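Remarks on the overall topology
Spelled out, the chains give:
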Amino acid sequence: HAKESGLGQLKCFEDGMRERVLRQSWLENELRLALQEEAIMAYYQPIVDTRTGQVRGFEALARWKHPERGFISPAEFIPVAEDAGLIVDLDRLILKQACQQLKLWKAEHPHLQDLYLNVNMSSVQFSRPEFAAVVQSTLQETQSEGIHLHLEITESLMLQRTQMVAEHLQALHDLGVKLHIDDFGTGYSSLGYLPRFGASALKIDRSFIRDILKAPQQAELVRTIITMAHNLGMTVVAEGVETIEQQQWLLQEGCDYLQGFLFSPPVEHSKARSFLIETLEV
Ligand code: C2E
Ligand code: MG
Ligand code: MG
Ligand code: MG
């Protein structure tokens, strides 16, 4: 009976909705607690120089290990943090941890003065009046230098053309902090804004890298992005590099930096340090 099955579907839909809403509000409450307790931790994924294979820096990625439920993926909790207005605190917590870590690594290994860290920053930060001041005070408190901090932002920030965003960009520039455009190619930004935006690097999204050896058109797209970035004076980082074949292709095409499971997944600071020492010794 058509009507019954229609109602049945509606019920299923409602059940699914209810479950999702419950899960969201559970996540939101737990996340709020985790942030208060600083129970969210930065993990570090190496970014290597394509030519030498040496680690040049790390991307800090938020990891949340729930006391009962174990690890919860950023793919799940970042959108919740954004909706609940918790992303600002989360980003700042990771920024603080990352700067402290960088300071420790440099104190231990004085020859690593050029090591840098990439930290993800939600576009929402840029509509907070205190944002640039928070970055500045975090750098001061951790005795870190702006030139070793790269903030990863998404293309959506390029569309937020307000006075406040412009002021933050200028303040970050004055601190020496560089901007990397994350997941490049997946957003809806207008390419026209790119030259004026002042980012120092493009990170080509993993979804493009995945198919470079399988789909000639994807390869052509990546080649074009690399050329364009270089012509605009930007460096290029490939995300999600998983195979030696991809590494070789990217080397041949002049991609500057690589990041991906081929080298290491994001790991806790002690493992990141071992990785750093090992690759620098060879
Ligand atoms: P993202 O910034 O583009 O980070 C790269 C993601 O790709 C990470 O996922 C990383 O674990 C994953 N990845 C790296 N190499 C490979 C690879 O070779 N293969 C595959 N399959 N995956 C790889 P993760 O850590 O789950 O983070 C997902 C997203 O969550 C991040 O994407 C970023 O947008 C967001 N995120 C994570 N931490 C933070 C944070 O502290 N603040 C903000 N605002 N966003 C964050
Ligand atoms: Mg990122
Ligand atoms: Mg990325
Ligand atoms: Mg990505």
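In what follows, the structure referred to is the one given above.
Cut-offs applied
Chains are numbered independently. Their residues run from 1 in the order of the written sequence. Going through the entries in the order they are written, you letter the chains from A and number the ligands from 1. Only residues with pLDDT of at least 70 are given local features in this predicted model, and only at 80 or more are side-chain atom pairs given and counted; all residues enter the totals for whole chains, interfaces and linings. Calculated side-chain values reflect all of the structure's heavy atoms, with hydrogen atoms and water omitted. Secondary structure counts use DSSP, requiring at least four H or I residues in a row for a helix and at least two E residues in a row for a strand, with both numbered from the N terminus. Burial classes: relative accessible area under 20% of the type maximum marks a residue as buried, over 50% as exposed, and values in between as partly exposed (1.4 Å probe, protein chains only). By definition in these notes, contact holds between two residues if any of their heavy atoms fall within 4.5 Å. Only the protein chains shown count as cover for residues, and all accessible areas are computed by the Shrake-Rupley method using a 1.4 Å probe. None of His or the chain ends enter the tally, which takes Lys and Arg as positive and Asp and Glu as negative. Charge positions are represented by NZ for Lys, CZ for Arg, CG for Asp and CD for Glu. Any residue with a non-hydrogen atom lying within 4 Å of a molecule or strand is treated as near it. Contacts described as polar in this section are N or O atom pairs within 3.5 Å, which, within protein, must combine one atom able to donate a hydrogen with one able to accept it, while residues neighboring in sequence count only if both atoms come from side chains. Following DSSP output, two strands are said to pair if at least two bridges run between them. Each salt bridge in this description consists of a side-chain nitrogen of Lys or Arg and a carboxyl oxygen of Asp or Glu lying within 4 Å of one another. Ring geometry is summarised as follows: Phe, Tyr and Trp rings, the Trp one being its six-membered ring, pair when their centres sit within 6.5 Å, and such pairs are stacked at plane angles under 30 degrees, edge-to-face over 60 and tilted between the two. Charge-over-ring contacts are defined here by two conditions on Lys NZ or Arg CZ: a distance within 6 Å of the ring centre and an angle within 35 degrees of the ring normal. For Na, K and Ca the donor cutoff is 3.2 Å, while for all other metals N, O and S atoms count as donors only within 2.8 Å; water does not appear among the atoms, so some sites may look incomplete.

A look at the overall build of the chain
For the chain, the helix and strand inventory stands at eleven helices and nine strands. Considered along the principal axes of its C-alpha atoms, the chain spans approximately 70 × 50 × 40 Å. Out of the 282 residues in the chain, the part that is buried amounts to 46%. If you take every contact in the chain between residues at least 6 apart in sequence, the share linking residues at least 24 apart comes to 68%. In the form shown here, the chain has an accessible surface area of approximately 14800 Å², with 53% of it arising from carbon and sulfur atoms. One finds the centroid of the 26 positive side-chain charges in the chain at a distance of 2 Å from the centroid of its 38 negative side-chain charges.

Observations regarding the site of ligand 1
Inspection of the region around ligand 1 gives 24 residues, with Arg63, Asp91, Arg206, Glu242 and Phe261 positioned closest. At a separation of 2.8 Å, an oxygen atom of ligand 1 approaches a polar backbone atom of phenylalanine 261. Protein burial of ligand 1: of its 800 Å² of free accessible surface, 82% is covered by the chains. Looking at the shell around ligand 1, the elements with two or more residues in it are strand 2 (55-66), helix 2 (74-83), helix 3 (87-108) and strand 6 (178-184).

Here we look at the pairing of strand 1 (residues 40-49)
Of all ten residues that make up strand 1, nine are buried, and the element is covered over most of its length. In the sheet, strand 1 pairs with strand 2 via nine bridges, with the strands oriented antiparallel. The residue of strand 2 that forms the bridge with alanine 42 is alanine 62. Linking strand 1 to strand 2, which pair antiparallel, is a turn of five residues; within it glycine 53 sits at a positive phi near 75°. Pairing geometry for strand 1 and strand 9 (residues 257-258), over two bridges, is antiparallel. From the neighbouring strand, aspartate 49 faces strand 9, where its bridge partner is tyrosine 257.

Topic: the pattern of salt bridges
Counting across every chain of the model gives 13 salt bridges. The closest approach of N and O atoms between glutamate 38 and lysine 96, which form a salt bridge, is 3.2 Å. Taken as a pair, glutamate 38 in the loop between helix 1 (2-36) and strand 1 and lysine 96 in helix 3 lie far apart in primary sequence, 58 residues in all. Across the pair aspartate 211 and lysine 214 runs a salt bridge, and its minimum N-O distance is 3.5 Å. Owing to a relative accessible area of 63%, lysine 214 belongs among the exposed residues under this scheme. Three or more residues joined by partner-sharing salt bridges are found here, namely Glu59, Glu152 and Lys203.

Observations regarding the packing of aromatic side chains
The full count for this structure, using the stated rule, is six aromatic pairs. For the ring pair tyrosine 44 and tryptophan 105, a centre distance of 5.3 Å and an interplane angle of 70° mean the geometry is edge-to-face. With tyrosine 44 in strand 1 and tryptophan 105 in helix 3, the pair connects residues that are 61 residues apart, well separated along the chain. Each member of the pair, tyrosine 44 as well as tryptophan 105, is classed as buried. Ring geometry for phenylalanine 58 versus tryptophan 105: centroids 5.1 Å apart, planes at 35°, classification tilted. Taken together, the residues span a long stretch of sequence, with phenylalanine 58 in strand 2 and tryptophan 105 in helix 3 at a distance of 47 residues. Taken individually, phenylalanine 58 and tryptophan 105 each receive the classification buried, so the pair is uniform in this respect. Each member of the aromatic cluster is reached from another via a ring pair, and the members are Tyr44, Phe58 and Trp105. Above the plane of the ring of tryptophan 26 lies arginine 69, whose end atom (NZ or CZ) is 4.3 Å from the centre.

Examining the coordination of the magnesium ion (ligand 3)
Each pair of donors in an ideal four-coordinate tetrahedral metal site encloses 109.5 degrees, whereas pairs in an ideal six-coordinate octahedral site enclose 90 or 180 degrees. Protein coordination at the magnesium ion (ligand 3): the donors are Asp182 (OD) and Glu239 (OE), at 1.5 to 1.9 Å from the metal. Between the magnesium ion (ligand 3) and the magnesium ion (ligand 2), a spacing of 3.3 Å is present, and a bridge between the two is formed by aspartate 182. Of this pair, aspartate 182 sits in strand 6 while glutamate 239 is found in the loop between strand 8 (235-238) and helix 10 (244-252), placing the two residues 57 residues apart along the sequence. Glutamate 239 shares its class with aspartate 182; the two are buried.

Regarding the side chain of glutamate 239
It is lysine 203 that comes nearest to the buried, bridge-free glutamate 239 among opposite-charge side chains, at 4.2 Å. Once you skip the residues sitting within four places of it in the chain, glutamate 239 turns out to touch Asp182, Asp183, Lys203, Ile204, Asp205, Arg206, Ile209 and Gln259.

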